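Listed below are the residues making up each chain.
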Amino acid sequence: MALIVQKFGGTSVGSVEKIKAVAERVITQYQKGHKMVIVLSAMSGETDRLTGLANAMQKRPDTREMDALLSTGEQVTVALFAMACMEAGYKAVSLLGDQVSIHTDNVHTKARIKNIDSDVIHNHLNEGKIVTIAGFQGVDDDGNITTLGRGGSDTTAVALAAALQADMCEIFTDVEGVYTTDPNICDKARKIDRISYDEMLELASLGAKVLDIRSVGLAKRYNVPVHVRSTFTENIGTWVVEEDKIMESILVSGITYNKNEARITIKKVPDQPGTAAKIFLPISDANILVDMIIQNTRDGHMTDMTFTVMRSDYDRTLEIVEKLAAEIGADSITGDKHIAKVSVVGVGMRNHSGIASTMFHILSKEGINVEMVSTSEIKVSCIIDEKYTELAVRALHDAFALDRDNLPSEENN
Ligand code: ASP
Ligand code: MG
């Protein structure tokens, strides 16, 4: 007998029929003797709908009231789910964030979980109930309802699995698992069977949207095995787990791309102490996140400084930099909104050299220019012209043989 936390996303509970189907699926597990804790999202589209209502009411909606409003989406699905279980003849109870309690800080609309009282849940489980818990919400020290930020139900599920010391946390969604790359642009994309927390963190931060990144960080910290799988099939999905020897021998496990960034270049700034600080302090003061930074080698006493920001921050950043240009003595400023970041990720890179050069070679064979590069222990990212994104992803996917079951052969070891 196991204690299993399962989370179902908005598309899995998008209608009364779908909620009934989820209840049936949960009951099948319950009948095997497992203790079931079910975290639900709001019905698909509901959180957007509520956000729209708030925006129609107040120019910048009060964040406390926003949380009171947004949390209702999940309240609906858990109550309906509990009813579905009862209708099928089983005992069930729904719990909201403050009924559990899921304690958070008081940062409305992006609160962080501080701790969870698991007693109430255990009591209900011991009475033989299926327990369903509203995702995405909590309560602060003063009793205010808080929410965890969009996509936060994944985090609720992993945090509950950690608090309850569950045997596993299963995240049910509308895809079969985590893929080697985006199946929408590469038809050879393959479902990954097992992936490490660190790789998943990179993939999530680079734009693979199956799992909310905060939940992956939490899963790593508490060593919660996470199984991402489809609500609509019985197939095994992807296990996100601690790194093992087999993973280490796979050089590249996934390829991602991201079209959310833009590039800015400041031409010919004085190459002297303080220049970089003068440029990047005002940008960070404006809460703009800078991703890659490249400073060219010196040409006389001058250098070029190139960096990327979120595309949505491009205009604001350009304004800030243009104001600075005179003060720092820059020659000119150029920028490009139409770039893409393509990345290869794999824990095997830690012990192997040559991934970056292989990547450059593959891109060059396709006639794709690499504009910027950044690397981490388990990732190489290249900035390229946006219009070559799909070509780059497919070429890299082929070259690193990700379409094949890339379990290591003896000679690779
Ligand atoms: N319902 C919330 C959202 O749409 C939380 C979640 O689904 O994870 O962002
Ligand atoms: Mg989600």
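Predicted model, so just to flag it, every value in this text is computed and none were measured.

Engineer: Please set out the overall build of the protein residue by residue, giving values where relevant.
Structural biologist: Of the regular secondary structure elements, the protein holds 14 helices and 20 strands. Here the C-alpha atoms of the protein give a radius of gyration of 24 Å, agreeing with the 22 Å that 2.2 N^0.38 yields for 413 residues. Across its three principal directions, the C-alpha atoms of the protein cover 80 × 60 × 30 Å. Of all 413 residues assigned to the protein, the portion counted as buried reaches 49%.

Engineer: Now, about helix α13 (residues 355-365): what can you tell me, with residues and values included?
Structural biologist: I355, M359, I362 and L363 are the residues of α13 that are buried. Down the axis of α13, the buried side of the element spans an arc of 95°, and every buried residue falls inside it. Looking at the buried side of α13, the elements it contacts are β18 (339-345), β20 (379-385) and α14 (389-399). A positive phi of about 75° marks G367, the residue just after α13.

Engineer: Account for the layout of surface pockets, naming residues and giving values.
Structural biologist: Roughly 400 Å³ of internal volume is contained in the second largest pocket. Around the second largest pocket sit 16 residues that line it, and I113, A159, L218, R221 and Y222 are the ones nearest its centre. Of all elements in the fold, only β5 (113-116), α7 (153-163) and α9 (213-222) reach the threshold of two or more residues within the lining of the second largest pocket. With five residues, α9 is the single largest residue contributor to the lining of the second largest pocket.

Engineer: So, the site of ligand 1: which residues are in play, and what are the values?
Structural biologist: With respect to spatial proximity, the complete set of residues near ligand 1 consists of S41, A42, T47, E74, F136, R150, G151, G152 and S153. Here T47 contributes a side-chain N or O atom positioned 2.8 Å from a nitrogen atom of ligand 1. Within the side chain of R150, a nitrogen or oxygen atom sits 2.7 Å from an oxygen atom of ligand 1. Here ligand 1, which alone exposes 260 Å², has 86% of that area covered by the protein. Here the shell around ligand 1 is composed, by residue class, of two nonpolar, five polar and two charged.

Engineer: Give a description of the sheet that holds strand β12 (residues 238-241) that names residues and reports values.
Structural biologist: Strand order in this open sheet of eight strands is β3-β6-β2-β1-β9-β11-β12-β10, and the pairing throughout is mixed. At either end of the open sheet lies a strand with only one pairing partner, and these are β3 (92-95) and β10 (194-196). Adjacent strand axes in the sheet meet at a mean angle of 20° when their direction is disregarded. With six bridges joining them, strand β1 (residues 3-8) and strand β2 (residues 35-40) adopt parallel strand pairing. Counted as the bridge partner of K7 is V39 from β2. Across the sheet, helix α1 (residues 16-31) lies against β1, β2, β6 (130-134), β9 (168-173) and β11 (226-230), angled at about 170° from β1, the strand it touches most. Across the sheet, α7 lies against β1, β2, β6, β9 and β11, angled at about 175° from β1, the strand it touches most.

Definitions and limits used
Residues numbered from 1 in each chain as written. Chains lettered and ligands numbered in written order. Predicted model: local features only at pLDDT ≥ 70, side-chain atom pairs only at ≥ 80, totals over all residues. Heavy atoms only, no water. Helix = DSSP H or I, 4+ residues; strand = E, 2+ residues; numbered from the N terminus. Rg over C-alpha atoms; globule rule 2.2 N^0.38 Å. Buried < 20%, exposed > 50% of the residue type's maximum accessible area, 1.4 Å probe, protein only. Arc of directions from axis to C-beta. Contact = heavy atoms within 4.5 Å. 1 Å grid on protein atoms, 1.4 Å probe; cavity = no way out; pocket = protein on both sides within 12 Å on 5 of 7 lines; lining within 4 Å. Points joined across faces, edges and corners; volume = space filled by probe spheres on them. Near = heavy atom within 4 Å. Polar contact = N/O pair within 3.5 Å; in protein donor to acceptor, adjacent residues only side chain to side chain. Areas by Shrake-Rupley, 256 points an atom, 1.4 Å probe, with all protein chains shown as cover. Nonpolar A, V, L, I, M, F, W, Y, C, P; charged D, E, K, R; others polar. Pairing = 2+ DSSP bridges. Axes fitted to C-alpha atoms, helices over the stretch in contact; angles between N-to-C directions.

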